[in-house]
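# Architecture and fold: a report
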Amino acid sequence: MSVKKSIAFLCLVFLSVIVVSQNRQFPQGENAPAIGKIKGIITDNKTREVVEFATIALYKIRDSSIVTGVVAGTKGDFQLSEIPFGRYFMKINFIGYKQLVIDTIAIRPKQTEIDLGTIKLKSATEQLTEVEVSSERSTIQLGIDRKIFNVEKSIVSEGGSATDVLQSIPSVSVDIDGNISMRGSGNVTVLIDGKPSSITGSSRAAILQQIPASSIESIELITNPSAKYDPDGMSGIINIITKKNKLNGFNGSITIGAGTGNKYNAAAAISYRNSKINVYANYGFRSNNRTGSGSTLRQNFLVDTTFFLRQNSSSLNKNTSHNVKGGVDFYLNDKNTIGASVSYNIGTEGGNETVNFFEADNNDITSGSYSRDIIKSDAPTSTDYNLNYRKTFSKIKQELVFDATYSDGTGNAIEQYVERDYTLKYDFKNTQPFKQNTQTKTKNNIISAQVDYVQPLKNQIKWELGAKTTLRNIGSDFVSEEFDYSSDIFVSDTNLSNNFIYNENIYAAYSTFSGAIKNFGYQLGLRAEQANTTSDLRTTNEKFVNNYLSFFPSVHLSQKLKKEQEFQLSYSRRINRPNTKNLNPFKDYSDPYNIRYGNPYLKPEYINSYELSYLKYFPKGVLTATAYFRQTDGVIQRYKIISDSTISFITFINLDKSQSYGVELIVKSDITKWWNITFSANGFQTKIDGGAQADLQNENLSYILKLLSNMRVWKNMDIQFTANYNGPTATLQGEVKSIFTMDIGVKKELFKNASLSLNITDLTDARKMQIVGNNDPAFYQEMYRKRESRVATLTFSYRFGKMSDKKSRPEKQNNGSFDGGGDMGM
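The notes below deal with the structure included here. Fair warning: this is a prediction, and the values are worked out from it, not measured in the lab. (Residues numbered from 1 in each chain as written. Predicted model: local features only at pLDDT ≥ 70, side-chain atom pairs only at ≥ 80, totals over all residues. Heavy atoms only, no water.)

### Some remarks on the overall build of the protein chain
The condition that has to hold: For the purposes of this entry, the term helix denotes a DSSP run of H or I that reaches at least four residues, the term strand denotes a run of E that reaches at least two, and both are numbered from the N terminus. Here's how the labels work: a residue is buried when its accessible area is under 20% of the maximum for its type, exposed when over 50%, partly exposed in between, all with a 1.4 Å probe on protein chains only. Contacts are assigned to residue pairs with any non-hydrogen atoms lying within 4.5 Å of each other. A 1.4 Å probe and the Shrake-Rupley method give the accessible areas. Residues count as covered only by the protein chains that appear here.
Tallying secondary structure elements over the protein chain gives five helices and 47 strands in all. Counting only residues that meet the buried cut, the protein chain has 52% of its 826 residues in that class. Within the protein chain, residue pairs in contact and separated by at least 24 positions form 68% of the contacts whose partners lie at least 6 positions apart. Carbon and sulfur atoms make up 56% of the accessible area of the protein chain, which amounts to about 36,800 Å² in all.

### Side note on the pattern of salt bridges
Our working definition: A side-chain nitrogen of Lys or Arg and a carboxyl oxygen of Asp or Glu constitute a salt bridge if their distance falls within 4 Å.
In this structure the tally under the stated criterion is 22 salt bridges. For Glu529, the salt bridge identified is with Arg577, shortest N-O distance 2.6 Å. Here Arg577 lies in the loop between strand 29 (565–576) and helix 5 (580–583) and Glu529 lies in strand 27 (residues 520–537), a separation of 48 residues in the sequence. Grouping residues by exposure puts Glu529 and Arg577 together as buried. A network of salt bridges, in which partner residues are shared, links Asp230, Asp232, Lys468, Arg527, Glu529 and Arg577.

### Details of the nonpolar core
Quick note on the threshold: Nonpolar cores are built from buried Ala, Val, Leu, Ile, Met, Phe, Trp, Tyr and Cys residues. Side-chain atoms within 4.5 Å join them into one set.
Residues Ile38, Ile42, Ile56, Leu80, Met90 and Ile92 are the most contacted members of the largest nonpolar core, which totals 26 residues. Every element with two or more residues in this core is listed here: strand 1 (34–44), strand 2 (55–60), strand 3 (66–71), strand 4 (77–84), strand 5 (86–93), strand 6 (100–107) and strand 7 (113–121). If you tally residues by element for this core, the top one is strand 6, at four residues. Ignoring sequence-local partners within four residues, the contact set of Ile92 consists of Ile42, Ala54, Thr55, Ile56, Lys98, Gln99, Leu100, Ile102, Ile119 and Leu121. With 22 residues, the next largest nonpolar core counts Val165, Val174, Ile216 and Ile238 among its residues.

### A look at the environment of Asp493
Within the secondary structure layout, Asp493 lies in the loop between strand 25 (489–492) and strand 26 (498–517). Expressed as a C-alpha distance, the spacing of Asp493 and Asn437, which sit 56 residues apart in the sequence, is 9.9 Å. Once you skip the residues sitting within four places of it in the chain, Asp493 turns out to touch Ser480, Glu481 and Glu482.

### Digging into the pairing of strand 16 (residues 263–273)
Going by this rule: Any two strands are treated as partners once DSSP identifies two or more bridges connecting them.
In terms of strand pairing, strand 15 (residues 249–259) meets strand 16 through 11 bridges, oriented antiparallel. Counterpart to Ile254 in the pairing with strand 16 is Ala268. Note that strand 16 and strand 17 (residues 277–301) share 10 bridges and pair antiparallel. Within strand 17, the position partnered with Tyr272 by the bridge is Val279. Connecting strand 16 to the antiparallel partner strand 17 that follows it, the hairpin turn spans three residues.

### Structural notes on the packing of aromatic side chains
Rules: For Phe, Tyr and Trp, rings pair up if their centres lie within 6.5 Å, where Trp contributes its six-membered ring, and each pair is then called stacked (planes under 30 degrees apart), edge-to-face (over 60) or tilted (otherwise). Whether a charge sits over a ring depends on NZ of Lys or CZ of Arg being within 6 Å of the ring centre and within 35 degrees of the ring normal.
Per the stated rule, a full pass over the model turns up 16 aromatic pairs. Here the aromatic rings of Tyr610 and Phe629 are separated by 6.2 Å at their centres, their planes lie at 40°, and the arrangement is tilted. Of this pair, Tyr610 sits in strand 31 (residues 605–618) while Phe629 sits in strand 32 (residues 621–633); the two residues are 19 residues apart in sequence, bridging distant segments of the chain. For Tyr610, a relative accessible area of 41% translates into the label partly exposed. Looking at Phe629, the relative accessible area reads 27%, which means it is partly exposed. Here the aromatic cluster, defined as three or more aromatic residues joined through ring pairs, consists of Phe250, Tyr798 and Phe800. The residue whose ring lies beneath Lys435 is Phe483, and the NZ or CZ to ring-centre distance is 5.2 Å.

### Description of the environment of Lys147
Its place among the elements puts Lys147 in strand 9 (residues 147–150). Exposure remark for Lys147: the relative accessible area of 11% places this residue in the buried category. Distance in space between the C-alpha atoms of Lys147 and Leu221 is 5.2 Å, their sequence separation being 74 residues.

### Observations concerning a nonpolar patch on the surface
What counts is decided by this rule: Patch membership is restricted to residues that have no salt bridge and whose relative accessible area is over 30%. Joining uses 9 Å for like charges and 5 Å for the nonpolar side chains Val, Leu, Ile, Met, Phe, Trp and Tyr.
On the surface, Ile254, Ile256, Leu750, Phe751, Leu756, Leu758, Leu794 and Tyr798 cluster together into a nonpolar patch covering about 690 Å² of accessible area. Sorting the residues of the nonpolar patch by element identifies strand 15, strand 41 (739–751), strand 42 (754–761) and strand 45 (791–802) as the ones contributing at least two each. Relative to the assigned elements, Leu756 resides in strand 42.

### A look at unusual backbone geometry
Phi is positive for Asn262, which is not a glycine, with a value near 60°. Turning to its location among the elements, Asn262 is positioned in the loop between strand 15 and strand 16. With a relative accessible area of 46%, Asn262 lands in the partly exposed category.

### As for the environment of Ser476
The topology assignment puts Ser476 in strand 24 (residues 462–484). Along the sequence, Ser476 and Phe500 sit 24 residues apart, while their C-alpha atoms lie 5.2 Å from each other. Leaving out residues up to four positions away in the same chain, Ser476 has contacts with Thr440, Lys441, Thr442, Asn498, Asn499 and Phe500.

Here it is, written out as structure tokens:
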């Protein structure tokens, strides 16, 4: 594509954002007349003999849901019938052959029958060719309520973690501490395979950094979920889908890698599957050393004078993690499947940090100087157990699903502090350094059980209902001790020690009703939740109880137009509940100049979210543009209070409200057969009103830009490039500054089933966090933090497999699909 054509294409893309500002939603392909037919003949590409009993599955491009399937006959022929108008992709599988994917099959009023002719399958022993690249799974798929980003072939995140994968996803931002935000909001729910786990709470960032990128298949963004989903999270849900065996026979892979600055990773996966059972296991290892630095300047404006405080720090952190997951699926018969899985994560975290403090008077003359050395260690563990059961019926799409999960997470964080006074400010002279040891034992337990039932009715109407119970028990036992020079031992400090237990029991029930009238689709839902919460301060024998009943309606409307165009309109009500860090009132003195504590009186914040979307499919791409508006009542916000000349207290309060509205654009384009790009732009305005709790208001305009480029420059070499720009975002008392980063990766197929990749993150070493506090008359603050982010990683991967007997015949499922070695079936 020439430069002029590229510029014209991008201009049209941005122009479409203005054109679609009056959008609605659309029905799925199943709502259109089911009169389409697809046929073909399966053969061996070398012998030209027919391949009998191959499995053929047809999926919607929009959400990858299966439409129908069939097994080829004894002559290799097949025919799929009663297919609604729409766009699909097809997967063809048979034991001993490589899976073949045929993209972009369109059933239209003017073309209801498609003859694919002779389809040639290649033996599993052959090397992939350049032609096959065009038939690989699309990197982006769009659903009525979600966007799916397929990341299993991501090069820039090879050897990395789940955090590295999320950095390349449109609408998602990750700061230097691994904290996640979506569309500018950090209040987002993260699920693993659609289920909650011990990654909730303050440990989420640490655990996501321990999940190997090689174990992730796709990322789902659900920005306006229906009543079927948990309503937690202001900006929606990020669902991380991990890899699971979908190929018959014995298969596996091994990956090892090394990065600059003593960073190492390894992963292994093994699986076996036939028509009766699917057994799989994988392992991931990560060892990561990273340096860091930071600085802070704060001016405290008191009634009659001004005081200055400066801080600078340097750190080295060393983290090691082991991640293991195993599971089994039993295909009892064509209507019943039961599965179980266990995942276990164990790690060690350690490091040291030096922080220097400088106090100055109103003339900025230093009056005190202190140094604080910190040695840290932790040994976090997490275990997730899952049991699931699925029953289908003779009636298509009628099903009953049960899912139960138990998650357990522990931690044992130990910190040792030594503080020295260099320039004396006090009347007495402290000749010996202050020494303090702290230990925080954490334990998180989550029990979740859910049942869902789908009942199809007449005229494409569907009724869904379900119930869910989630029981959380989160404990944090903090012990502090100070060194007593007179007795030469550490003595417990009961004024700082605290034991905090948080219990949260949620009982929910939901129902959704959906259907279609010609090209107009609708889904109406309502969810009711009773939440019973208790904050138990064991040290002071205090309890704070907050029980509340909430209702969460959802509405999704859709309208499908001609020429592959679709509109969506949706609304949902959501909730963001305070976590233990927000609620625990005991003061954290780890930074004596910035003392942190929670607020046990916090209430949950409620969000009303509206979206208006437009989708357009092109022969070589897709465009989606969304206008959205969110209003949050009772906003939970971090709030800083100046105490005296140098000390600040940081807590959490409920503000009156905040509003955020913006436009998001995502474009996926196949520029040539060997080059495709995904571009996203998100611009939004945020307004924050403190109300009676804090007489402050703030607002700003921000934007997020992302570019992902995939190129196959030679037959067996791929290059991937990403660029991310996050504009400044508003907080109540200031703003977070903008940041721009670039990553690049190169992958080369070496020989049969082996590849070597090299990726470099943050090419310009620009990834940092800068926060300015300039919206409070009590103080002005500049904060800067940097962690090692420019890292080069070399990764080697090898895949292996042994196929079973070709005579193994697939079994037919009741819903028209087949389980014979592909993605079909359960």
